[in-house]
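# A look at the structure
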Number of protein chains: 2
Amino acid sequence: MTQMDRSVLLPALSNIATRLRIDSVVSTSATGTGHPTSCASAAEVIATLFFAELRFDPKDPQHPGADRFVLSKGHAAPILYAAWAEAGLFDRSELLKVRDIASDLEGHPTPRLPFVDVATGSLGQGICAAIGSALNARRIGSDYRTYCLIGDGESAEGSVWEAAEVAAQDRLDNLCCITDVNGLGQSRPTMWQHDLEQFARRWRAFGWHAIVIDGHDLNQVLDAFAEARATKGQPTMIVAGTVKGKGISFTEGKDNWHGKAFKNGEEMDRVLAELQAQFVPQQEGLDLAAQIAKPSARPADPAAPSALPAPEYKLGEQVATREAYGAALAKLGAADVRVVALDADVKNSTFSDRFEKVFPERFYQNFIAEQVMVGSAMGLAARGAIPFPSTFAAFLTRAADFVRMAAISNVNVKLAGSHAGVSIGEDGPSQMALEDLGMFRSQPNFTVLYPCDAVSTEKLVAAMAWTRGPAYMRTSRPKTPVIYGPDETFEIGGLKVLCESADDVATVVGAGVTLFEALKAYDLLKAEGIAIRVIDLYSLQPIAGDALVAAGTATRGQIVTVEDHYPAGGIGDAVSEAVSGAGIKVHRIAVREIPRSGKPEELVERFGISAAHIVAAVKALR
Amino acid sequence: MTQMDRSVLLPALSNIATRLRIDSVVSTSATGTGHPTSCASAAEVIATLFFAELRFDPKDPQHPGADRFVLSKGHAAPILYAAWAEAGLFDRSELLKVRDIASDLEGHPTPRLPFVDVATGSLGQGICAAIGSALNARRIGSDYRTYCLIGDGESAEGSVWEAAEVAAQDRLDNLCCITDVNGLGQSRPTMWQHDLEQFARRWRAFGWHAIVIDGHDLNQVLDAFAEARATKGQPTMIVAGTVKGKGISFTEGKDNWHGKAFKNGEEMDRVLAELQAQFVPQQEGLDLAAQIAKPSARPADPAAPSALPAPEYKLGEQVATREAYGAALAKLGAADVRVVALDADVKNSTFSDRFEKVFPERFYQNFIAEQVMVGSAMGLAARGAIPFPSTFAAFLTRAADFVRMAAISNVNVKLAGSHAGVSIGEDGPSQMALEDLGMFRSQPNFTVLYPCDAVSTEKLVAAMAWTRGPAYMRTSRPKTPVIYGPDETFEIGGLKVLCESADDVATVVGAGVTLFEALKAYDLLKAEGIAIRVIDLYSLQPIAGDALVAAGTATRGQIVTVEDHYPAGGIGDAVSEAVSGAGIKVHRIAVREIPRSGKPEELVERFGISAAHIVAAVKALR
């Protein structure tokens with residue numbers, strides 16, 4: 001973006017690149033771990049990006065109009081930190097604390113740092129987040145641009161090609177990515193080594209504008225960024241041929257230097273002497289950091305959200321929670337302009353098409369590509385949107401690693417998974433989510449919700465949107481009756497006691513479809529003179545531990561959990577941990593083998609989670 | 001493969017295609033659910049494949065020399081079933097039971113059926129398994145070919161492009177895939193609709209031979225298969241333009257017919273009348289099923305495995321279990337020719353390079369693409385290999401959906417994940433697996449192992465190889481001392497009681513790195529006169545429930561679990577469920593927040609899983 005004369009600019013950029021290399025080397029050697037050679041290959045690209053291209057305020061990394069940079073090859077974190085130090089955000093001495101437990105300058109970038117939008121370090125994810133960031137610029141009407149650096153080895157990840165399709169489909173010309181083709185992976189040469197045309201060919205086939213350059217030639221790097229800025233209607237990929245370990249002669253292009261810090265002492269002295277010798281004369285007093293282009297205009301704050309009107313469902317009405325989810329999302333979209341929805345070609349099954357009909361401009365289609373859907377949502381969330389990506393819950397396992405990184409990023413992503421459990425019926429096990437509750441509960445900062453009826457679904461959709469942090473809602477395929485009135489309130493971390501008496505012999509905890517099996521069991525047992533307490537555990541995480549202990553204690557120390565889910569990490573495990581230490585026995589009813597196709601009610605019976613099984617379990621309690 | 005004159009062949013194939021359409025329509029309407037229009041678009045391709053191209057024995061679908069067919073677009077299952085009925089494997093009347101709980105003809109194909117190698121229905125996975133099948137032909141020296149049908153919508157999945165890279169890199173000219181470009185997804189037109197060149201361009205860019213055809217023109221389909229067979233040095237993709245709902249005029253190319261069965265009665269009568277009218281005159285008495293080409297020669301049975309020589313580690317020797325894993329894999333490779341290893345460019349961290357050094361021809365490099373690594377392993381396993389795919393445990397979450405489908409497929413895949421937990425140290429949370437035990441335990445048929453030392457690692461690697469079904473082993477980054485002698489035996493489903501006395505106040509259950517924290521806690525408590533029982537729970541699934549109950553009962557009803565893992569689905573949950581109902585209290589020590597970078601020992605302390613925390617927990621027990 002700079003207009004500076006190149007005869008002045010180039011030596012200054014070159015010296016910054018050298019300084020970034022030195023900083024990367026020194027900071028990794030402080031703890032003796034890290035990836036200095038992966039930083040060295042990117043030094044010219046990073047120097048040019050930060051000090052001649054990006055528009056940002058070094059003192060306000062979160063400025064909403066500033067250009068964004070995502071380091072998808074997160075193991076090059078030290079050079080990212082060095083660039084921000086060079087820009088003036090913090091003192092260079094901080095770099096000696098990289099990877100120290102007392103520093104937020106971690107081994108791979110996380111949003112504990114104000115200049116990191118999403119955590120990277122699991123490869124192939126940053127570019128997906130960059131798409132979300134680019135979509136967000138459109139959403140808020142800003143001309144900020146998004147840049148993303150990926151590795152050549154990283155390009156083997158399928159998620160990169162999901163991103164490629166979606167970015168081209170969405171004509172994201174405000175997105176510019178760079179592939180750092182240093183030719184060496186962790187354990188061996190990469191697939192294409194320095195055959196740059198292999199990369200360009202693929203990106204062009206996927207609809208991108210591709211520019212092949214020498215990534216150490218500052219003129220070419222500057223020209224490529226300018227060309228990307230001038231390219232309309234498609235995203236740009238700059239394929240930058242580089243040398244791993246560049247500037248440190250004994251590592252240049254050499255295998256077996258990945259992820260190795262230099263030893264302080266003789267080895268480091270040699271490295272530093274060589275790098276120091278690479279400084280060139282430059283214009284006296286020239287400070288590129290002081291000349292960084294200002295961010296684009298600060299976008300207006302979004303309109304304050306309004307409260308959701310009361311649900312209009314009638315008691316006893318039959319509504320699938322997945323359908324109530326879609327309807328709630330559309331209502332929420334009207335109440336809060338930050339809410340956006342993302343789909344992977346199942347909008348007519350998850351009912352997210354209800355949102356699309358009302359807010360097509362806030363609805364992002366990813367086709368059948370769950371990884372980029374979740375990754376893009378992470379980028380949107382990091383820039384202020386409240387994204388709801390949804391698909392079949394089973395297919396969210398496709399994005400499990402993105403869910404893990406969303407937790408590490410602690411972003412405001414609100415996932416929803418439909419078609420949970422054997423109760424989906426005939427489609428069979430490939431379409432049945434039976435591990436999703438465990439997957440999301442395993443992330444300690446995720447809110448995990450599982451409503452049983454339309455009213456609780458609608459109220460919890462709003463609650464999850466407006467509770468800070470990542471969240472997951474599980475919805476069901478079959479229609480279930482509305483059991484809650486429009487004024488019922490649902491706290492995250494709460495539960496509902498639906499049946500209760502002084503004679504209860506056990507507490508039965510259900511959620512979603514199994515709540516209705518529990519209610520049927522209540523009737524069946526009541527007819528035999530046996531009373532049970534029935535709880536709707538709509539919030540699995542956080543969980544109402546005290547209320548569960550109270551219920552279990554009041555019902556002879558016996559709790560029966562029932563879930564349309566495998567045992568591991570689900571309702572039974574959640575309840576069991578919540579009451580551990582209270583001397584309460586928890587009997588888990590769950591799906592315990594790989595299921596098969598059949599009618600929903602047949603499967604609920606066959607796989608052991610029906611009312612009859614609850615009745616038998618209660619009777620068997622000692 | 002047939003040499004029949006086309007004037008005779010084409011009408012017969014056309015009639016088979018019509019019959020397959022009719023069967024697909026009728027079988028889905030029997031249960032009122034399914035995807036007839038997704039079958040209809042593929043009828044000419046399937047008819048040609050089964051009755052003019054594949055070499056197989058319709059009565060012996062598992063013949064090891066037979067060509068393989070993987071239906072990656074698994075929702076078209078009815079036409080696969082219809083083709084096998086047409087070939088004569090079972091009676092056509094069975095097709096009326098598709099999706100019935102009493103039939104193995106499920107909504108999506110699973111290996112409950114003898115002609116299905118891996119379960120499909122989660123899109124983008126079948127093509128990965130097809131690569132494993134093609135690699136297997138090389139492994140056993142067979143010239144059988146592998147065919148795979150994928151959907152156009154499915155092509156958005158990143159795993160498809162991981163497969164594209166690996167198949168081209170491995171020059172799999174024994175692999176022929178077909179994209180059924182019917183232009184319509186579930187909820188809307190696909191990204192490229194009928195722009196066939198978009199597909200061809202991508203596949204060519206990825207190094208495949210691509211052939212664009214009209215997928216309803218039998219001549220073109222036949223020619224394309226012949227061209228694929230003649231293509232050397234690269235895999236072939238046949239891009240087949242088709243019409244969704246082909247042959248049923250009111251659905252042809254129409255949106256909103258995805259996954260909808262026709263209603264029996266008037267609607268069905270209309271459909272059948274129209275399809276029946278499509279039969280053409282053909283040579284009397286010609287039965288293509290009787291002329292299917294025979295499979296290639298039956299490969300020799302593999303050499304019987306020999307027992308593994310005893311471990312050579314010395315007590316007290318410091319060895320990381322990840323390194324012991326690599327060494328064991330190499331030993332195992334010598335003992336069993338079926339053992340193969342797969343990597344995603346971390347072989348020098350997981351130590352699978354130990355295997356590669358000895359058996360390079362049985363080592364498959366997938367570069368940084370975990371989905372195809374696991375999917376390819378599924379295909380290899382389905383054809384008789386015993387594949388060990390390994391990477392950092394954190395990055396196996398990238399293949400979580402493949403793990404789910406491996407469980408449904410019940411294939412012999414042996415996964416290994418290194419670098420578990422906060423004990424990896426400085427690299428930070430993106431590289432720390434803290435949910436892997438839960439992920440694998442959630443699949444009911446997975447064996448889950450977590451050895452603490454080199455000897456148990458080596459013995460358990462052999463045990464997992466030779467125990468039928470999918471399995472996972474978690475290994476650790478830090479070195480740990482060898483505590484078991486070479487003659488110690490390790491049963492899957494077993495545990496080891498390491499410290500025991502009549503005065504034990506609690507049982508402490510650890511595994512992997514936390515076992516050593518438990519042993520430290522034992523010493524610290526002993527010095528204060530407090531005795532604890534210490535258990536090495538190296539097998540999490542199956543789990544030695546009786547032994548845990550016995551230990552817990554003998555130690556005042558108190559168990560403390562300690563794990564380098566988040567609480568959900570891990571050691572604490574496993575133990576808790578195993579002892580549920582026995583009145584034993586289980587106190588779970590686990591990592592309860594998102595961790596950060598730091599030294600391993602600092603993190604073990606900071607995140608609450610050190611010996612000091614065990615000591616405190618034991619002292620706090622009532």
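Residues numbered from 1 in each chain as written. Chains lettered and ligands numbered in written order. Predicted model: local features only at pLDDT ≥ 70, side-chain atom pairs only at ≥ 80, totals over all residues. Heavy atoms only, no water.

Contacts between the two partners involve 101 residues from chain A, matched on the other side by 101 residues from chain B. At the junction of chain A and chain B, the tally comes to twelve salt bridges. Between B:Asp427 and A:Arg99 there is a salt bridge, with its nearest N and O atoms 2.7 Å apart. Where chain A meets chain B, there are 65 residue pairs in polar contact (both at pLDDT 80 or more). (Contact = heavy atoms within 4.5 Å. Salt bridge = Lys/Arg side-chain N within 4 Å of Asp/Glu carboxyl O. Polar contact = N/O pair within 3.5 Å; in protein donor to acceptor, adjacent residues only side chain to side chain.)

In the predicted model, chain A carries a mean pLDDT of 97, and 100% of its residues have values of at least 70. Interface confidence for the predicted complex, given as ipTM, is 0.97, next to a pTM of 0.98. (pLDDT = per-residue confidence, 0-100.)

A few words now on the environment of A:Cys148. Residues and elements named next belong to chain A. Take Cys-148: it is sitting in strand β2 (residues 146-151). The buried category is assigned to Cys-148, whose relative accessible area is 0%. Between the C-alpha atoms of Cys-148 and Ile-127, which are 21 residues apart in sequence, the distance is 6.2 Å. Apart from residues no more than four positions distant in its own chain, Cys-148 is found in contact with Phe-69, Val-70, Ser-72, Gly-126, Ile-127, Ala-130, Cys-176, Cys-177 and Ile-178. (Helix = DSSP H or I, 4+ residues; strand = E, 2+ residues; numbered from the N terminus. Buried < 20%, exposed > 50% of the residue type's maximum accessible area, 1.4 Å probe, protein only.)

The next subject is the sheet that holds β2(A). Residue and element names in this part refer to chain A. The strand order across the open sheet formed by five strands is β1-β2-β3-β5-β4, and the pairing between neighbours is parallel. Either end of the sheet is taken by a strand with one partner, and the two such strands are β1 (68-71) and β4 (209-214). Direction aside, neighbouring strands of the sheet carry axes that sit 20° apart on average. Here six bridges tie strand β3 (residues 175-181) to strand β5 (residues 236-241), and the two strands are oriented parallel to one another. From the neighbouring strand, Ile-178 faces β5, where its bridge partner is Ile-238. On the sheet, helix α5 (residues 126-140) packs against β1, β2 and β3 and is oriented at approximately 170° with respect to β2. (Pairing = 2+ DSSP bridges. Axes fitted to C-alpha atoms, helices over the stretch in contact; angles between N-to-C directions.)

To continue, consider the relation of the copies chain A and chain B. The operation relating chain A to chain B is a screw motion whose rotation component is 180°, with 0.0 Å of axial translation and a residual RMSD of 0.0 Å. Viewed as a symmetry operation, the transformation between the two copies matches a two-fold axis. Taking C-alpha positions as the reference, the residue of chain A nearest the rotation axis is A:Gly158, at 1.8 Å. Most of the interface of chain A is mirrored in chain B: 100% of its interface residues are interface residues there too. (Least-squares fit on C-alpha atoms with pLDDT ≥ 70 in both.)

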